[in-house]
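If you want the building blocks of each chain, they are given just below.
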Amino acid sequence: MRIVRGMEEGRRALDREAFLREQAASPEMAAGIERVFGEPLTPEETVARIVRDVAERGDEAVREYTRRIDGAEPESLELTRDEVRNAASEVPREVLDALNTSASRVRQYHAATMPKPWMDMDNGFGEIITPVERVGVYVPGGRGAYPSTVLMTAVPARVAGVREIVLATPPRGEQGPPAAVMAAAQVAGVRRVFQIGGAQAIAAMAYGTETVPKVDMICGPGNVFVTLAKKMVYGQVGIDGLEGPTETLIVADETADPALCAADLLGQAEHDLLATPVLITTCEELLAPIQEEVQRQLAALPRGDTAASSIDRRGAFVVVDSLDEAIELANEYAPEHLCLMISDPWSAVGKVRHTGGVFLGDHSPEVMGDYVAGPSHVMPTGGTARFNSCLGVSQFIKRTPVVALDPAMARRLTGAAATIARAEQFDAHARAVEIRLERSGRGAD
């Protein structure tokens, strides 16, 4: 991992624009696109072509891209309930028990955040809460199976009252989606599962095809092609956010345990080559033991090559003069996950302004958030925590204002409404309220 010192060097090391340029210029990505499409295209051009084709040709285009990109030709795009149940039955009992434990905590957390309808009859206003009717959940494939993502998306949707959840996840060649993902779908109450991945899955759910129903909202993380597709179909459907490569930022002081810091950095780094593990500290003496622990723990990891590459390419140590500077730099970066490995983490919580989620102390690592803590692990990345929030029930509900003025309140407000309307040169607006006052036969209070 790079070591940089001071705020300005830290800002340069955490420059997101440089990362985006590096990602866009990836020769591996360019080669993959040309291999599939037979010509050089940018990721944006690639996704625009897929989205347009699926919108125009439906299932035919979905099948074509599934064959060309995923190397699979499933007999049916949708799995039957028996196929889902049979796959889920292959999951070991301890895995199923763990999924149920996770689902229970996720359900409990999100139930506590669920808003309630309300009405203030004295003032004549209130609000009703209604859920989105049909939600499309995207669960990535690629390097691993992600049953946890099923729970972290579908369970909050269920708590919010969503009537139907459609799940799309890539097939693994001719094997279909992973059994653990099917088990999680059953635990979460998902009734329809489609073995479709990538931008073609997002487009199919956004526009609908002969087989895939059109949804009202799409949620879930994915690679750059999935993220671009979500961005392109926004407006046709709602989206939860634009979740990109995962990132964790640890703020550590001299009391931090080097072994725990190293474990948390590696837990982030093993996701993929674009994962970003960062540590900001006030104690330079902490770095050498952390580096030693990283190397020691790497040797025992089955996916050590991925983690090592991520550490080398995207990892950084930043040394600053104070915890206030560390928190300030963290707020500027707005990480997906912010871990406070300091002697009194609660003392810093009030200074945190921008992060997807904050994790306090030795016993609350980000990995707990990935699986069992309770909040969804679908969190804003790429600096979008400056304006977006962790996936929750709020993304699956619609808040509808109710206006129910009684005659006395209407009379009191008529003058102000008419005055503002005429200031905007909308006389019909003014008359629409004044006529009611005149018909009542009474003057304003």
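Residues numbered from 1 in each chain as written. Predicted model: local features only at pLDDT ≥ 70, side-chain atom pairs only at ≥ 80, totals over all residues. Heavy atoms only, no water.

A.B. asks: Where do I start with the sheet that holds strand 9 (residues 238-239) in this structure?
C.D. replies: Consider a sheet: its strands pair through backbone hydrogen bonds, and that pairing is either parallel or antiparallel. Within the open sheet, the 6 strands sit side by side as 2-7-6-5-8-9. Their pairing is mixed. Each having just a single partner strand, strand 2 (78-79) and strand 9 make up the two edges of the open sheet. (Pairing = 2+ DSSP bridges. Helix = DSSP H or I, 4+ residues; strand = E, 2+ residues; numbered from the N terminus.)

A.B. asks: Would you mind going over the packing of aromatic side chains with me for this structure?
C.D. replies: The geometry of two aromatic rings is summed up by the distance between their centres and the angle between their planes. Applying the stated criterion across every chain, the model contains 2 aromatic pairs. Ring centres of Phe37 and Tyr65 lie 6.0 Å apart, and the angle between their planes is 40°; this geometry places the pair in the tilted category. Of this pair, Phe37 sits in helix 3 (residues 27-37) while Tyr65 is found in helix 5 (residues 59-70), placing the two residues 28 residues apart along the sequence. The burial state of Phe37 is the same as that of Tyr65; both residues are buried. (Phe/Tyr/Trp six-rings, centres within 6.5 Å; stacked < 30°, edge-to-face > 60°. Buried < 20%, exposed > 50% of the residue type's maximum accessible area, 1.4 Å probe, protein only.)

A.B. asks: Would you mind showing me how to read the pattern of salt bridges here?
C.D. replies: Here the structure, examined in full by the defined rule, presents 26 salt bridges. Between Arg57 and Glu60 there is a salt bridge, with the nearest N and O atoms lying 3.6 Å from each other. Residue classification places Arg57 among the partly exposed residues on the basis of a relative accessible area of 26%. Two residues, Arg422 and Asp427, come together in a salt bridge whose shortest N-O distance is 3.4 Å. On the accessibility criterion, Arg422 (37% relative accessible area) is partly exposed. (Salt bridge = Lys/Arg side-chain N within 4 Å of Asp/Glu carboxyl O.)

A.B. asks: Looking at this model, I keep getting lost on helix 18 (residues 407-423). Mind explaining?
C.D. replies: Residues spaced three or four apart along an α-helix face the same direction, because each turn holds 3.6 residues. Between its terminal C-alpha atoms helix 18 stretches 24 Å, which fits the 24 Å expected from 17 residues at 1.5 Å a residue. The axis of helix 18 is deflected most strongly, by about 40°, at Leu413. Restricting attention to buried positions, one finds in helix 18 the residues Met409, Arg411, Thr414, Ala418 and Ala421. Taken together, the buried residues of helix 18 touch helix 19 (427-440). After helix 18 finishes, the residue Gln425 shows a positive phi value of roughly 65°. (Expected span 1.5 Å × (residues − 1). Bend = angle between axes of the 7 residues up to and from the residue. Contact = heavy atoms within 4.5 Å.)

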